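Observations on chain architecture
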Amino acid sequence: MKTRIIAMLILSALSIQCAKKTDIIQDNINYAEKQLAYLIEASEEGDTLRIPSTFKAGQIEFVPTDDWVSGFFAGTLWYMYELTGNEYYAEQAQKHTEILHEIQFLKWHHDVGFMVYDSYGNGYRLKNIEGYDTVLVNTAKSLATR
């Protein structure tokens, strides 16, 4: 009898812990979605779509397309799409990916793999978007010239 009671107490405690972990995970996803909404809005201000990189001194810093972290924001959007299944993130990811189109031809930059795989690579992996494979191959060819 004592063994059953102990087993039931342990199982109850474990189920409570699992429920708490689930809440923590969902809370973090919700927080990330709020942060991404803020960054998406900021990236679309003005005439040109911009690439957010970091937050310093109370301001979002943006980078040009040839910066080594330029593909990370699009990649983050692709990962949020993968996590949530929300097509809105896929649409935003595609938009933020395709502004990087010209970096496939960069031959002076050793970080084009970061720039392109996070963006085009995840887009190709998750949505098999036509032409993304060509960008990946062209980037590899450009990188191979170094």
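Everything in this summary refers to the structure shown in the same document.

Quick notes on the rules
- Residues numbered from 1 in each chain as written.
- Predicted model: local features only at pLDDT ≥ 70, side-chain atom pairs only at ≥ 80, totals over all residues.
- Heavy atoms only, no water.
- Salt bridge = Lys/Arg side-chain N within 4 Å of Asp/Glu carboxyl O.
- Helix = DSSP H or I, 4+ residues; strand = E, 2+ residues; numbered from the N terminus.
- Buried < 20%, exposed > 50% of the residue type's maximum accessible area, 1.4 Å probe, protein only.

1. Observations concerning the pattern of salt bridges
In this structure the tally under the stated criterion is four salt bridges. Between R125 and E82 there is a salt bridge, with its nearest N and O atoms 2.9 Å apart. Of this pair, R125 sits in helix 4 (residues 112-127) while E82 sits in helix 2 (residues 72-84), and the two are 43 residues apart along the sequence. Take E82: its relative accessible area is 41%, and that puts it in the partly exposed class. Its salt-bridge partner being E87, residue K127 comes within 2.9 Å of it at the nearest N-O pair. Of this pair, K127 sits in helix 4 while E87 sits in helix 3 (residues 87-98), placing them 40 residues apart in sequence. A relative accessible area of 36% places E87 in the partly exposed class.

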